[in-house]
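Structural overview
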Amino acid sequence: MSEPTPAAHLGPRPPAPWLGEWWPRLQPWMLATLGVLLAGVIFVALRGLLHEVRYASVMAAMRATPASDIALALLATAASYLALTGYDASSLAYAGARLGRATVLLTSFVAYALSNTIGLGPLTGGAVRMRLYAAAGLAPPQIARVIAFNAAAFMLGMTAFGALGLLWGAGEVAPLLHTRPAVLRAGAAAVLLVLAAFLWLCTRRRTLSLGPRWTLRLPAPGLALRQLAISALELSASAAALWFLLPDDRIALPTFVAFYAIAVTAGILSHVPGGVGVFEAVMLLASGPQVPTEAMLGALLLYRGLYYVLPLVLATGLLAAYELRSGVAAPVGRLAVRLSPRLMAALALVAGLWLLVSGVTPVTEDAREMLATLRVPLPLIEASHFLGSVAGLGLLLVARGLLHRLDAAWWAALGLSVVAAVLALPKGIALHEAALLSTLALLLVISRRQFDRRSSLFAQRLEPEWLLALGGVIAACVWVLFFAYQEVGYSHRLWWQFELDAQAPRSLRALMGVALIGLAFGLWQLLRPPAGGVAQPSAEEIERAAAVVRASPSSDGCYALVGDKHLLFSPSGRSFLMFGKQGRSWVSLFGPMGDPREWPELVWRFVELAAAHGGRAAFYQVRPVSLPLYLDCGLHAFKLGEHAHVSLPDFDLKGAKRANLRSGVNRGEREGLSFEVLAPAEVGALLPALREVSDAWLGQQRTREKGFSVGRFDERYLLRLPVAVVRRAGRVIAFANLLTTDAREEASVDLMRYSPEAPPGTMDFLFAKIMLHLQAQGYQRFGLGMSPMAGMAERRRAPRWQRLGRLLFEHGERFYNFRGLHSFKDKFEPVWEARYLAAPSGVAPLFVLVDVAALIGGGVKGVISK
């Protein structure tokens, strides 16, 4: 890729709508600000709830939990995760898909283990399902329906679950909500009646109209009832996992069920990772009169470990087991292994948080006595405590690099986890902490091959939400420090007390070190010079790209030779990626070219490069086989249309189906048309004639030259490739340049022009002759290009994107000749293959397509006019 140049060298940007230009930039800061405000509300609530609770009493409540209760909680956790697989089974049935039981179990467990920890199920869990179900053969629209049904079923189940709990335990809940039990029972009964009406509607209708254009496909009655039963079983089991950890004089189960449903819903709606703080605050507030606060808080901490951390560790270990199995042939197994970095990043976050919290809380009395008995040197205790906290901060910082599969992040995480595991013993005989860190280190070693991106950690730029989240973690640690040592009076002398029993000063120094390092890192991230722009490719870079294209089986790479797109090369130079920039959109055309082994790294580099410039990365007209590359980066797939190609070994002009094409060729020969393919060295002599044809065609069409994914008349470009010409009486009347490679696998055409005096059927004659010529040269496929919006699903349950595309295809002739283009290509009896846009979710795809139109038209003016 070209060396970075100052952004001012890129030239002025075309105007863009205010919302499209500024909202994506403001959105991360606005969401982060809302997160900070929510964290403040949680802090105030917890401070009021825990003002009379002591840290020692919470730890005592945890230690007093019987082993039998912990075992019951583990069984309930296992039952809950097993029931969660029923959500996926029902979702697949709703989408009309059938998969093996092992695939469903693996996908469901990994997805929920990750989404429960991160707390953004539609994002993290949905990404896992998109990855694994696509590997199992499901189409993206089916997977979208699976994800949507999954989320809807969970919310409906939670609503029914909470309503039943309120109906049963309204007497205990009403005083806390300052209302009457009859009001709660009436509200719960109304909710249940609505759900019953929904079930009745499922027995009567197959679809539900949501407006003049949108319809919802209702599940079958049996499926709806089965899913409600699954939801009741799963939510009962997850609630029981916490209920078993409460003291023997537990809160009544009906009341607890109602509070649990409210707390889980609040945690989901808050979008706080794992609902941390929100879930706890609601449960503490609700159970205050019935359960001692320290007992509930101790149970909640145990519940977090058993229901959240343990499944995450097991899911990561499960993927590591797939890694150890040599020769895993199943596509789902192979692609499941590629999910390891996601879970490793989540596990690193958990380990980092554990280390930070451990650094600001006192060790147990048994651990202190053991340290004294073993006569562990005080400097070693002090150093291990301080360095353990710093290692926790380091794990939080490298987690993002693990998510991006960085080799340097893997080494850093491995070193930090090993060092912290060793230091956990002199720090305070923290055996559970050492076990978690050792497990993380072991899983990192097993998954080594998944972290193959060689890049510097210091080149990474953290998004605003990451920096604010880091600040929030440090602020939370400050609160935990004061909560754990609330009976210790603060004085300046604490900073200089170095004794075995001086645990508050030790925690204070560790937290100060973490805060200073975090502050320095945040300031460095915010004040570092912005990334430069990218320059247009030089002649030497186009030659390098041409060498890659010649060796490639795909002819798509020939579009890089136009010179109107930026080029991003792999370190070896054997692969490249071409892209255009418009507004905030960085759009790669066709994805990476060259050595497939280098494609994942190129895709990641491009996504990170766009993010470093404040842009959004997208990939235009990518093939289905390459979708996992983009899904791994967190992008989503949106169908654009279908690409047509003709199998050349089977091509001929015989038979009734090719009658029109054969007639065009015969007519052309009667008209005296002749066909010839010029080698690149022969094109130069005919450039004036080709220019004359091109100018006449542009004038007749009342249009101008396009760019990006559409050919344009450029002499340097035409001199690089063969050109097919049609002559009449020795004069060139039509031509097309051929996109070919030395591999002779695939060929296509780009620039196609004809003069006004060309007889009807000239382009049919040209195309047929081109395919016969390429067939004689040994080529296997001839690409006819993409037909936009073709092949969109016609069913009512199709995603909105595809329904909109279908509407454009059928009624959008005023804006584009969708049907005419498809009909022209269809007469060659081609094989149709879907093409996709890989882009961020939300409204980003719409902005990307607007920017793509501007790239093709040569700017915003080109979109409006021809």
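Notes on the structure follow. Counting of residues starts from 1 at the beginning of each chain's written sequence and follows it residue by residue. Reporting of local features is limited, given that this is a predicted model, to residues whose pLDDT is at least 70; pairs of side-chain atoms are given and counted only at 80 or more, and all residues count toward the totals for whole chains, interfaces and linings. No hydrogens and no water enter the side-chain calculation; it runs on all heavy atoms of the structure.

A few words on the overall build of the chain. Every helix listed is a DSSP run of H or I at least four residues long, and every strand listed is a run of E at least two residues long, numbered separately from the N terminus. In terms of regular secondary structure, the chain is built from 31 helices and 14 strands. Accessibility here uses a 1.4 Å probe with only protein chains present; expressed as a share of the type maximum, an area under 20% marks a residue as buried, one over 50% as exposed, and anything in between as partly exposed. Split into buried and exposed, the 866 residues of the chain put 52% on the buried side. The contact rule is simple, with two residues in contact once any of their heavy atoms fall within 4.5 Å. The long-range fraction of contacts in the chain, counting pairs at least 24 apart against all pairs at least 6 apart in sequence, stands at 75%.

In this section: the pairing of strand 14 (residues 831-839). Whether two strands pair depends on DSSP finding at least two bridges between them. The pairing of strand 7 (residues 616-622) with strand 14 spans three bridges and is classified as antiparallel. Each bridged residue has a counterpart across the sheet, and for Val622 the counterpart in strand 14 is Tyr836. Bridge analysis of strand 8 (residues 636-647) against strand 14 gives nine bridges, and the strand direction is antiparallel. The residue of strand 14 that forms the bridge with Phe638 is Leu837.

Compared with the 20 Å implied by 1.5 Å per residue over 14 residues, the 20 Å span of helix 21 (residues 599-612) between its first and last C-alpha is a close match. Among the residues of helix 21, those classed as buried are Glu601, Leu602, Val603, Trp604, Phe606, Val607, Glu608, Leu609 and Ala610. Here the buried face of helix 21 lies against helix 15 (378-403), strand 3 (566-569), strand 4 (575-582), strand 5 (585-589), strand 7 and helix 22 (627-631). Gly614, located one to two residues past helix 21, shows a positive phi value of around 75 degrees. Every helix has an expected span of 1.5 Å times one less than the residues it contains.

Turning next to the packing of helix 7 (residues 181-204) against helix 8 (residues 221-243). Interhelical geometry of helix 7 versus helix 8 gives an angle of 150 degrees and a closest axis separation of 8 Å. It follows that helix 7 is roughly antiparallel to helix 8 by the angle criterion. On helix 8, the residues touching Leu199, Cys202 and Thr203 of helix 7 are Pro221, Ala224, Leu225 and Leu228. Taken together, the residues of the contact of helix 7 with helix 8 sort by class into six nonpolar, one polar and no charged. Think of each axis as a best-fit line through the C-alpha atoms, taken over the contacting stretch in the case of a helix, with angles from 0 to 180 degrees between the N-to-C directions. Here the angle decides the label: under 35 degrees means roughly parallel, over 145 means roughly antiparallel, 65 to 115 means roughly perpendicular, and every other value means oblique. Ten residues, namely Ala, Val, Leu, Ile, Met, Phe, Trp, Tyr, Cys and Pro, are considered nonpolar, four, namely Asp, Glu, Lys and Arg, are considered charged, and the remaining ones, Gly among them, are considered polar.

Looking now at the packing of aromatic side chains. When we look at a pair of aromatic rings, we describe it by the centre distance and by the angle of the planes. Only Phe, Tyr and Trp rings are paired, with Trp represented by its six-membered ring, and only when their centres lie within 6.5 Å; those with planes under 30 degrees apart are stacked, over 60 edge-to-face, the remainder tilted. This model, assessed by the stated rule, comprises 24 aromatic pairs. Measuring from ring centre to ring centre gives 5.8 Å for Tyr303 and Tyr308, while their planes differ by 80 degrees; the resulting arrangement is edge-to-face. Comparing Tyr303 with Tyr308, the two get one shared label, buried. The criterion is that NZ of a Lys, or CZ of an Arg, lies within 6 Å of the ring centre and within 35 degrees of the ring normal, and then a charge sits over that ring. If you follow Arg509 out to its NZ or CZ, it ends over the ring of Phe498, 4.0 Å from the centre.

Turning next to helix 7. The end-to-end C-alpha separation of helix 7 is 35 Å, in line with the 34 Å expected for 24 residues at 1.5 Å each. Inspection of helix 7 places Leu184, Ala188, Leu195, Leu199, Leu201 and Cys202 among the buried residues, and these make up the whole buried set.

Helix 8 packs onto helix 3 (residues 67-95) with a crossing angle of 160 degrees between their chain directions and a minimal axis gap of 8 Å. In terms of orientation, helix 3 lies roughly antiparallel with respect to helix 8. The two elements helix 3 and helix 8 cross, and the hand of that crossing is left-handed. For the contact of helix 3 with helix 8, a count of residues per class yields 15 nonpolar, seven polar and two charged. Helix crossings get a hand from a simple test, with the near helix turned counterclockwise from the far one by less than a right angle marking a left-handed crossing and a clockwise turn marking a right-handed one.

What follows is about unusual backbone geometry. The phi torsion of most residues other than glycine is negative, and most of the peptide bonds are trans. Of note in the backbone geometry, Arg375 takes a positive phi value of approximately 55 degrees without being a glycine. With a relative accessible area of 73%, Arg375 lands in the exposed category. Located in the positive-phi region is Arg744, a residue other than glycine, with phi close to 55 degrees. By the element assignment, Arg744 lies in the loop between strand 11 (731-739) and strand 12 (746-754).

Looking now at the nonpolar core. Within this scheme, the nonpolar core is defined by two criteria: the residues are buried Ala, Val, Leu, Ile, Met, Phe, Trp, Tyr or Cys, and they are joined through side-chain atoms within 4.5 Å. Within the largest apolar cluster, 116 residues are counted, with the highest numbers of intra-cluster contacts made by Leu242, Phe256, Tyr260, Phe279, Met283, Tyr303 and Leu444. Ranked by residues supplied to this core, first place goes to helix 11 (residues 293-324) with 17 residues. If near-sequence neighbours (up to four positions away) are discounted, Tyr303 is found in contact with Ser238, Ala241, Leu242, Leu245, Tyr260, Phe279 and Tyr308. In this structure, Ala545, Val549, Phe708 and Val852 belong to the second largest nonpolar core, which totals 33 residues.

Turning our attention to the pattern of salt bridges. Think of a salt bridge as a Lys or Arg side-chain nitrogen and an Asp or Glu carboxyl oxygen that are within 4 Å of each other. If you walk through the whole model with that rule in mind, you get 26 salt bridges. The salt bridge involving Glu487 is made with Arg54; its shortest N-O contact spans 3.2 Å. A residue pair is termed long-range when its members are at least 10 positions apart, and Glu487 in the loop between helix 18 (464-484) and helix 19 (503-527) and Arg54 in the loop between helix 1 (18-49) and helix 2 (55-63) qualify at 433 residues. What makes Arg54 partly exposed here is its relative accessible area of 32%. Each member of the salt-bridge network shares a partner with another, and the members are Asp556, Arg623, Glu745, Glu746 and Arg781.

What follows is about the environment of Leu319. Relative to the helices and strands, Leu319 resides in helix 11. Taking C-alpha positions, Leu319 is 8.6 Å from Ser447, a pair spaced 128 residues apart along the chain.

Take the pairing of strand 3 next. Residue alternation in strand 3 divides its side chains into two sets, His566 and Leu568 and Leu567 and Phe569, and both sets are buried. Pairing of strand 3 with strand 4, which is carried by four bridges, proceeds in the antiparallel orientation. Bridged to His566 within strand 4 is Phe579. In this structure, the hairpin formed by strand 3 and strand 4 is closed by a connection of five residues, where Gly573 is found at a positive phi of approximately 80 degrees.

On the surface, a nonpolar cluster with roughly 420 Å² of combined accessible area is contributed by Leu519, Leu523, Leu526 and Leu527. Turning to its location among the elements, Leu527 is positioned in helix 19. For Leu527, a relative accessible area of 68% translates into the label exposed. Note that patches include only residues with greater than 30% relative accessible area and no salt bridge, and the join distances are 9 Å for like charges and 5 Å for nonpolar side chains (Val, Leu, Ile, Met, Phe, Trp, Tyr). In these tables, accessible area is a Shrake-Rupley quantity obtained with a 1.4 Å probe, and a residue counts as shielded only by the protein chains included in the view.

Before going further, it helps to examine the environment of Pro311. As for its placement among the helices and strands, Pro311 is situated in helix 11. Considering only alpha carbons, one finds Pro311 and Asn116, 195 residues apart in sequence, at a separation of 9.4 Å. When neighbours within four sequence positions are excluded, Pro311 is seen to be in contact with Thr77, Tyr81, Phe109, Ala113 and Leu306.

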